[in-house]
Amino acid sequence: MLNKVFQIEDHHGLVCTEGASIQAAFPNYYQEHLGTQTDTEWVNQAVVSRGTCCSEEDYAILAKPVTADQLKQSIFSIPKDKAPGPDGYNSQFYGDAWDVVGDEICAAIMNFFSTGQLLAQVNTIVVTLIPKVDRLTSVKHFRPISCCNVLYKAILKIICTRLALILPDLINWSQGAFVKGRSILENILICQDLVRGDVRSIMLILRAISTFSAASGLKVNDDKSEVVFNGVSNWLRTDITHISGFQEGSLPFKYLGVPVQPGRLTQHDCNILIEKIVHKIRGIGARKMSYAGSDEVYHRTPLVAWDKVCCPKQEGGLGIYAAEVWNIAIIGKLVNWIYTKADRLWVMWIDHVYLKVSDWTDYQPSLDFNWNWRNVCKVRDVLAGGFQDNQWAGWGVETHAHIFSECVFSSHILIAVEQWLQLKLTATSELFKAIAENLQNGAVNLLVKSILKQLVQLTVSSKDRLWLKLYSSCS
């Protein structure tokens, strides 16, 4: 009975209770949104040409002939457990039967790339509806998932692989996500500041959305769009709500799955994240982890040694990330971007809004500045000793003496080596000298490096090991 719909509200607000009307409500809704025509404004080609366009080299990459090896690789890269398309075959079938069907599959796909024509049976999908909310009353409460044929997926993979080679140069740097080498975190951080933005910024955003909609035919989904106010007069709220056509929301709101508000997030603001995690744990049958088999699973503080729990599973831990250390490492990356003046949208935003003409090394944020920005400055102070001439150099200049005798990690490693080889190692031992000489000559024995790496994993706690990894990769 869970997979049956007994009544549903269509996109016009009418409640359908009969089988035929319920069945027709869903295709009618998607046909109206996906198959409609709309008038668009003329796109000024002179404006387009001033932007970044495809070069001859880009055209050559896109038009390069497809080889049989590329086709095979694209099909074999599709996960075997993915849902099949209308033909009922998943990628595992094609992989297992490649010796039989491989040549015909390659011929069919190559024909598409040479002629631009594709059989309707291949260019067909099955739309599966996934609930978006717990209480399903409208056709709008479902998320459509397209199940494509494997041949169709293979074609898309080849096209996407080639586009990925040229899109980073074509997509403006203001697009922070979905491009290799860029980070969605930049958009989230800027959004945190935009909550404190002025009226002029809001009007510019609305004008940009309107211009893009008129030229592309794509429209903003009013059901998913809200305008949120903070410290704004009532008359201004009314004007902006009327001009934008959006409904008024409240803080905190979610952007890219992250709660957003001007100040610090409280425990109450993060409860929704906790509830989602608990719901997911319960979904995989983890009720046995509860102390009382009830909601106490997240209300009681677990009596665990987090230093051990955060160790990898092969070392007896649970493989849980040490959140505090990882948070410092992630924010440290932002600190490094500012030091190196990285060509990123967020760095430009920070220079314009906060730093201006200030020196990043000595800069101190005002107490009324964004909470996230003040935390970035705190992490900068934590890592300050590792930066030299605006470059990450590690904590101090590394020497052989420090590596083998002064560093706390060295003592752990040497003790483990002693126990393993049943030898007494000192700074003057032959093995010690050999390793030091190899390091100095730049010809480190791979076996020695492998041994030291394994010993570090065995003798250093998860928290210290993470710092060592960060230190080693940056120094």
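No experiment lies behind these values; they were computed from the predicted model shown.

Caption draft 1: Just the overall build of the chain, in detail. In terms of regular secondary structure, the chain is built from 20 helices and 10 strands. Each of the 475 residues in the chain was classed as buried or not, and the buried ones make up 28%. With an accessible surface of roughly 32400 Å², the chain has 56% of that area assigned to carbon and sulfur atoms.

Caption draft 2: Local environment of the side chain of N149. By secondary structure assignment, the location of N149 is in the loop between β4 (142-148) and α7 (150-170). Within the structure, N149 has its side chain in polar contact with the backbone nitrogen of D87 (distance 3.1 Å). From its side chain, N149 meets the backbone oxygen of V122 in a polar contact 3.2 Å long. In contact with N149, other than residues within four places in its own chain, are G85, P86, D87, Q121, V122 and T124.

Caption draft 3: Looking closely at the nonpolar core. Counting residues in hydrophobic clusters, the biggest one holds 23 residues, and the most contacted among them are I338, W346, W360, W373 and V376. Here this core gets 7 residues from one element, more than from any other, and that element is helix α13 (residues 323-340). By size, the runner-up hydrophobic cluster in this structure holds 18 residues, among which are Y94, W98, I105 and F112.

Caption draft 4: Representation of the packing of aromatic side chains. Enumeration according to the criterion identifies 15 aromatic pairs in this entry. Between F93 and Y94 the ring centres are 5.3 Å apart and the planes differ by 75°, which places this aromatic pair in the edge-to-face class. The class for Y94 is buried, based on a relative accessible area of 6%. Three or more aromatic residues joined by ring pairs form one cluster here, namely Y339, W346, Y354, W360, Y363, F369 and W373. Over the aromatic face of W337 sits the side chain of R344, whose NZ or CZ is 4.0 Å from the ring centroid. Across from the ring centre of W360, 4.7 Å away, lies the NZ or CZ of R380, which sits over that ring.

Caption draft 5: Spotlight on the side chain of R344. Topologically, R344 is positioned in the loop between α13 and α14 (345-355). Setting aside residues up to four positions removed in sequence, R344 forms contacts with G181, R182, S183, E186 and W337.

Caption draft 6: Fine view of unusual backbone geometry. We note that K341 has phi near 55°; this positive angle belongs to a residue other than glycine. Along the chain, the position of K341 falls in the loop between α13 and α14. For K341, a relative accessible area of 62% puts it in the exposed group. Even without being a glycine, K356 presents a positive backbone phi close to 55°. Its place among the elements puts K356 in the loop between α14 and α15 (371-383). A relative accessible area of 59% means that K356 is categorised as exposed.

Caption draft 7: Focus on the confidence of the model for the chain. Mean pLDDT over the chain stands at 77; residues scoring 70 or higher make up 75%. Per-element averaging of pLDDT across the chain places helix α20 (residues 462-474) at the bottom with 42 and helix α6 (residues 98-115) at the top with 92. A low-confidence stretch, residues 286-299 (pLDDT under 50), is modelled with 15 contacts involving residues beyond four sequence positions or located in other chains. pLDDT under 50 marks residues 454-475. Its contacts with residues more than four places away, or in other chains, come to 39 contacts.

Caption draft 8: Structural context of α7. Over its 21 residues, α7 extends 29 Å from the first C-alpha to the last, a length consistent with the 30 Å expected when each residue adds 1.5 Å. Considering bend angle alone, the principal kink of α7 is centred on A164 and spans about 40°; proline P168 follows within four residues of it. Of the residues making up α7, those classed as buried are V150, L151, K153, A154, I155, I158, R162 and I166.

Caption draft 9: Representation of the pattern of salt bridges within the structure. Applying the stated criterion across every chain yields a total of 3 salt bridges. The partner of R344 in a salt bridge is E186, and the shortest N-O contact between them spans 2.8 Å. Within this pair, whereas R344 is found in the loop between α13 and α14, its partner E186 is found in helix α8 (residues 184-194), the two being separated by 158 residues in sequence. Across the pair, E186 and R344 agree in class, each one buried. Among the salt bridges present, the one from D381 reaches R380, with a minimum N-O distance of 3.0 Å. Looking at R380, the relative accessible area reads 1%, which means it is buried.

Caption draft 10: Structural detail: the packing of α13 against α15. Two numbers describe how α13 lies on α15: the axes approach to 9 Å, and their chain directions differ by 85°. Here α15 runs roughly perpendicular to α13, going by the angle between their axes. Of the residues in α15, those touching α13 at I328, I331, G332, L334, V335, I338 and Y339 are W373, N375, V376, V379, R380 and L383.

Caption draft 11: A nonpolar patch on the surface, seen in detail. Taken together, L194, I205, I209 and V220 make up a surface patch of nonpolar side chains, about 280 Å² in accessible area. Assignment of secondary structure puts I209 in helix α9 (residues 199-216).

Caption draft 12: Seen up close, the environment of N187. Within the secondary structure, N187 sits in helix α8. A relative accessible area of 18% means that N187 is categorised as buried. Separated by 158 residues in sequence, N187 and L345 place their C-alpha atoms 8.6 Å apart. Residues in contact with N187, not counting those within four places in the same chain, are S174, G176, A177, Y255 and L256.

Rules of the game
- Residues numbered from 1 in each chain as written.
- Predicted model: local features only at pLDDT ≥ 70, side-chain atom pairs only at ≥ 80, totals over all residues.
- Heavy atoms only, no water.
- Helix = DSSP H or I, 4+ residues; strand = E, 2+ residues; numbered from the N terminus.
- Buried < 20%, exposed > 50% of the residue type's maximum accessible area, 1.4 Å probe, protein only.
- Areas by Shrake-Rupley, 256 points an atom, 1.4 Å probe, with all protein chains shown as cover.
- Polar contact = N/O pair within 3.5 Å; in protein donor to acceptor, adjacent residues only side chain to side chain.
- Contact = heavy atoms within 4.5 Å.
- Core = buried A, V, L, I, M, F, W, Y, C linked by side-chain atoms within 4.5 Å.
- Phe/Tyr/Trp six-rings, centres within 6.5 Å; stacked < 30°, edge-to-face > 60°.
- Lys NZ or Arg CZ within 6 Å of the ring centre and 35° of its normal.
- pLDDT = per-residue confidence, 0-100.
- Expected span 1.5 Å × (residues − 1).
- Bend = angle between axes of the 7 residues up to and from the residue.
- Salt bridge = Lys/Arg side-chain N within 4 Å of Asp/Glu carboxyl O.
- Axes fitted to C-alpha atoms, helices over the stretch in contact; angles between N-to-C directions.
- Parallel < 35°, antiparallel > 145°, perpendicular 65-115°, else oblique.
- Patch = residues over 30% accessible without salt bridge, like charges linked within 9 Å, V, L, I, M, F, W, Y side chains within 5 Å.

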